[in-house]
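Residue-level structure breakdown
Chain by chain, the residues run as shown.
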Amino acid sequence: MCSVIKRERLLVTSWNSKCAIGGKAYDSLAAAHQALMTQKTFNLEMFFQLLAVCHTVIPDYIDPHITFDSETLSYKNLKEYINYEAESPDEGALVEAAAKVGFAFMYRTPSSVLIMDAGGKRHKYDIIAVNAFNSTRKRMSVVVRNERGEIFLLCKGADNMIFAGSSDTAATRKLYDEHLTAFANEGLRTLLCAVKKLSQEELSDWMKLYKEAELMVSERDEALAKAAEIIERNMSIVGATAIEDKLQEGVPETIANLADAGVKLWVLTGDKMETAINIGYGSKILTSDMRVVTLKCDSAEKVKYELEELQRVVKLSTDVKFLSRMKQRFKKTLKFGNPFKKPGTVDNETKGVVATNAPAGIAEHVDVELAIDNGDHTEIAVDDNRSSSDMSSDGAYNRTSPTLAIVIDGPTFKFVSEDASLLKTFWNIGKVCKSVIACRVSPAQKAEFVKLFKRKVTLAIGDGANDVSMIQAAQIGVGIKGKEGRQAVNSSDFAIGQFRFLERLLLLHGRWNYRRMAKVILVSFYKNAALVFTLFIFNCAALMSGVSLYDSFVYAGFNFFTGMPPLLIGIFDKDLSEESILRMPVFYSSGREGMYLNYRKMTQWMIRGLITSLIVAVIPIVSYITDLGVPTFSGQSNDISGIQAYGTFIFTTLFFAVMFTIGMETLTWNGIYAFFFFGSYLFYICVIVTLSNMLDLYTVYYKVADYVLGSGYYWLHSIFIATIVLLVPFWLPSNSL
């Protein structure tokens, strides 16, 4: 299984939050506030004004008697009366940060925003136009007019987008890029903020385009985006934000357990590469024993070269590990005998040759050490730890590279997705990687990643609106109800409150339900196959005369008589306790590798049904055949229909044999299951006895059940035949569920 995962962000704004303003980095919000109080520079003031004005946050007043124009409302008690309702935790955190330093957002109308400063004075900003954020633009901007009549464009967004629209010098952009990289290396989420002062003429010319785009009926969003790009040029960067991105409780442990279960983990995020890598280590997507390869290219040719080199590295890594395992198996064969060797075969010793034409720098990517032992063969020193994730269903080791992880950014993946050959190469590499992190990807690219691996079973989990396309593209979509709204939950197959619940959903309930469904399907096919095969065998004995063996009403009720136990198996059956499964995630591999429901299992159970029908049908035929060729029962006279008595005997024996088999396959017995299991016996006997005493409706069947069930000879045969049926699994290897 390939699991495409995304964490929920829990953003915390405090005086320890970091930022960079005017090219200077501040280790805390308190330090930036102190600088604002003492310096009052343009960049400092515009930075916090931008955070307070450029957003879509809605203020929610807790006390219905307090409004934005209440005299009792002051800067000091503002936090007691207002909660900020934001579309994302990022926006809410930035607005709260601005409020802490004296730019408190109070009220919003479609055409204005009201801000209160630290002195309690209110300032009104007229909103002229809003260029909304979307996953393609990766930025938001507003055109505002302050109380002095000055017109500004305020913009915040991803660093690559802001840099593209900046008119700053290369030195300034480099300085901010260094700050952003430093913040990202600490695992902080970063944004850039930029402003642009507009003249009335510039605004008037642009507003014509903006109004035209607003009035368009078709392709309105595209037209608005083009208009926004026109004005979002030649901006000046005033600062960068760095917000702490905290994972939910239990996320690292959950991810580690999923990895131990053999689930391949992919993280798709819009963060910077450094932030993504830092979060990857913090959440245990990446571990210290992995070789992390970063793919960040600016041309299709470079992407092709990097992927081809990486493919050679992966091939060498898998070949070396495979040869190492074979060598270890040979050593154990010499000492203990080959546990995988078939009887009567002889092992042939072979000497492996390891390719030495690896590309330069291979030691940086491959977890393999080569040494020469006595000069006569190559000693391969590799980690030979074996788990179920390294082993296929037939016991052979998969040639995978459990120590390789890839980090790829959105622009690089764009080159990959546009070339079918590169996409195939990336698919082959991704298959053998334990983890992959894709950063700076758009929602559309997230869906592309999922579709790329959809030939395998994929599970996508996310918490925000930008995860909807990814969730809908996967076979299984899981939404987390967090602080980014309910869009992901509403678009998912399953909804959970926290990421850590995914461990129980997959490893515990997923495994239990897989085994239950597998057992219900196999048992249902088994019992119906046994029923049909008895009819076929009888028709052969009856020379294909078309005589009906079973009473039609009793025959139609077979699945009704035997239906409740398999149904309750699908509800209650457990092979392992909750504690054992959660303590050993490797048990999940049984479902991932299809161990309990496959063609082999289906064939075994169909053969088991055939053998059951042979035992149930043939023994009575041999015991009760007469000279007339019509079965009779215990010497009864012709007043009792021989075929009806024989059919009831066969049907009842088959019922007991099937129920015995179901009972033996049941691992969890409780009061409800026992009631319906033994109640099925009583219910069946009551039904056939009642039918056999309804002379007006069932003349031919009259008193048949009484004679059959009243015979001790019948009970002896039934118990004997059912016991033989229970021995069938011992004749079929690996048939147990």
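All values reported here derive from a predicted model rather than from experimental measurement.

Quick word on the overall build of the protein
Counting its regular elements, the protein contains 27 helices and 22 strands. Across the 737 residues in the protein, those meeting the buried criterion constitute 49%. Look at the contacts in the protein between residues 6 or more apart in sequence, and 70% of them connect residues 24 or more apart. Of the roughly 34,900 Å² of accessible surface on the protein, 57% is carried by carbon and sulfur atoms.

Examining a nonpolar patch on the surface
Where nonpolar side chains cluster on the molecular surface, the patch consists of Met517, Ile521, Phe525 and Leu597 and spans about 350 Å² of accessible area. With respect to the helices, strands and loops of the structure, Ile521 is situated in helix 17 (residues 501-541). Under the relative-accessibility criterion, Ile521 is labelled partly exposed at 33%.

Thoughts on the pairing of strand 13 (residues 236-246)
Regular strands show a simple pattern: their side chains alternate between the two faces of the sheet. Within strand 13, eight of the eleven residues are buried, leaving the element largely enclosed by the surrounding structure. Strand direction decides the pairing type here: strand 3 (residues 18-21) and strand 13, joined by four bridges, are antiparallel. Following the sheet pairing, Ala20 is matched in strand 13 by Ala240. As paired strands, strand 12 (residues 188-198) and strand 13 are joined by eight bridges and run antiparallel to one another. Bridged to Thr190 within strand 13 is Ala242.

Things to note about helix 8 (residues 220-231)
Compared with the 16 Å implied by 1.5 Å per residue over twelve residues, the 17 Å span of helix 8 between its first and last C-alpha is a close match. Residues Ala223, Leu224, Ala225, Ala227, Ala228 and Ile231 constitute the buried set of helix 8. Looking at the buried side of helix 8, the elements it contacts are strand 9 (122-131), strand 10 (139-145), strand 11 (151-157), strand 12 and helix 7 (200-215).

Some remarks on unusual backbone geometry
A positive phi angle is found at Glu219, which is not glycine, with a value near 55 degrees. One can find Glu219 in the loop between helix 7 and helix 8. Of note in the backbone geometry, Arg440 takes a positive phi value of approximately 55 degrees without being a glycine. With respect to the helices and strands, Arg440 occurs in the loop between strand 19 (435-439) and helix 14 (443-452). Residue Arg440 is classed as buried on the basis of its relative accessible area, which comes to 13%.

Let's talk about helix 14
Of all ten residues in helix 14, seven are buried, a share of seventy percent or more. Along helix 14, the residues that are buried comprise Pro443, Gln445, Lys446, Ala447, Phe449, Val450 and Leu452.

Here we look at the nonpolar core
Ranked by size, the top nonpolar core spans 49 residues in total, and within it Phe48 and Leu154 carry the most contacts. Core analysis: the second largest hydrophobic core is formed by 47 residues, Ile650, Ala657, Val704 and Tyr714 among them.

Section: the pattern of salt bridges
Inspection of every chain in the model, using the stated rule, returns 20 salt bridges. Where Asp271 meets Arg189, a salt bridge forms, and the shortest distance between an N and an O atom there is 2.3 Å. With Asp271 in the loop between strand 14 (264-268) and helix 10 (273-282) and Arg189 in strand 12, the pair connects residues that are 82 residues apart, well separated along the chain. On the basis of relative accessible area, Arg189 is assigned to the buried category, the value being 14%. Salt-bridge contacts for Asp467 lead to Lys446; the nearest nitrogen and oxygen are separated by 3.0 Å. Taken together, the residues span a long stretch of sequence, with Asp467 in the loop between strand 20 (458-462) and helix 15 (468-473) and Lys446 in helix 14 at a distance of 21 residues. Beyond isolated ion pairs, a larger network of salt bridges with shared partners links Asp159, Lys272, Glu274 and Arg440.

Considerations on the packing of aromatic side chains
The description of an aromatic ring pair rests on the distance of the ring centres and on the angle between the ring planes. Taken as a whole and assessed by the stated rule, the structure comprises 34 aromatic pairs. On the basis of an interplanar angle of 40 degrees and a centroid distance of 6.3 Å, the ring pair of Phe42 and Phe152 is categorised as tilted. Of this pair, Phe42 sits in helix 2 (residues 42-53) while Phe152 sits in strand 11, placing them 110 residues apart in sequence. The ring of Tyr596 is capped by Arg515, whose NZ or CZ atom sits 4.8 Å from the centre of that ring. One cation-aromatic arrangement involves Arg608 over Tyr526; the distance from NZ or CZ to the ring centre is 5.7 Å.

Some details on the pairing of strand 3
Covered by surrounding structure in strand 3 are Lys18 and Ala20 together with Cys19 and Ile21, the residues of both alternating faces. Bridge count for strand 3 against strand 4 (residues 24-26) is three bridges, and the pairing is antiparallel. Counted as the bridge partner of Ile21 is Lys24 from strand 4. Taking the residues that link successive antiparallel strands as the turn, the strand 3-strand 4 hairpin has two residues, and the phi of Gly22 there is positive, at about 60 degrees.

Quick word on the confidence of the model for the protein
Scored by pLDDT, the protein has a mean of 79; 81% of the residues are at 70 or more. Scored below 50 in pLDDT, residues 1-14 shows 86 contacts in the model against residues more than four places distant or in partner chains. Low pLDDT, under 50, characterises residues 626-640; the predicted model gives this stretch 19 contacts beyond four residues in sequence or across chains.

Rules used throughout
Residues numbered from 1 in each chain as written. Predicted model: local features only at pLDDT ≥ 70, side-chain atom pairs only at ≥ 80, totals over all residues. Heavy atoms only, no water. Helix = DSSP H or I, 4+ residues; strand = E, 2+ residues; numbered from the N terminus. Buried < 20%, exposed > 50% of the residue type's maximum accessible area, 1.4 Å probe, protein only. Contact = heavy atoms within 4.5 Å. Areas by Shrake-Rupley, 256 points an atom, 1.4 Å probe, with all protein chains shown as cover. Patch = residues over 30% accessible without salt bridge, like charges linked within 9 Å, V, L, I, M, F, W, Y side chains within 5 Å. Salt bridge = Lys/Arg side-chain N within 4 Å of Asp/Glu carboxyl O. Pairing = 2+ DSSP bridges. Expected span 1.5 Å × (residues − 1). Core = buried A, V, L, I, M, F, W, Y, C linked by side-chain atoms within 4.5 Å. Phe/Tyr/Trp six-rings, centres within 6.5 Å; stacked < 30°, edge-to-face > 60°. Lys NZ or Arg CZ within 6 Å of the ring centre and 35° of its normal. pLDDT = per-residue confidence, 0-100.

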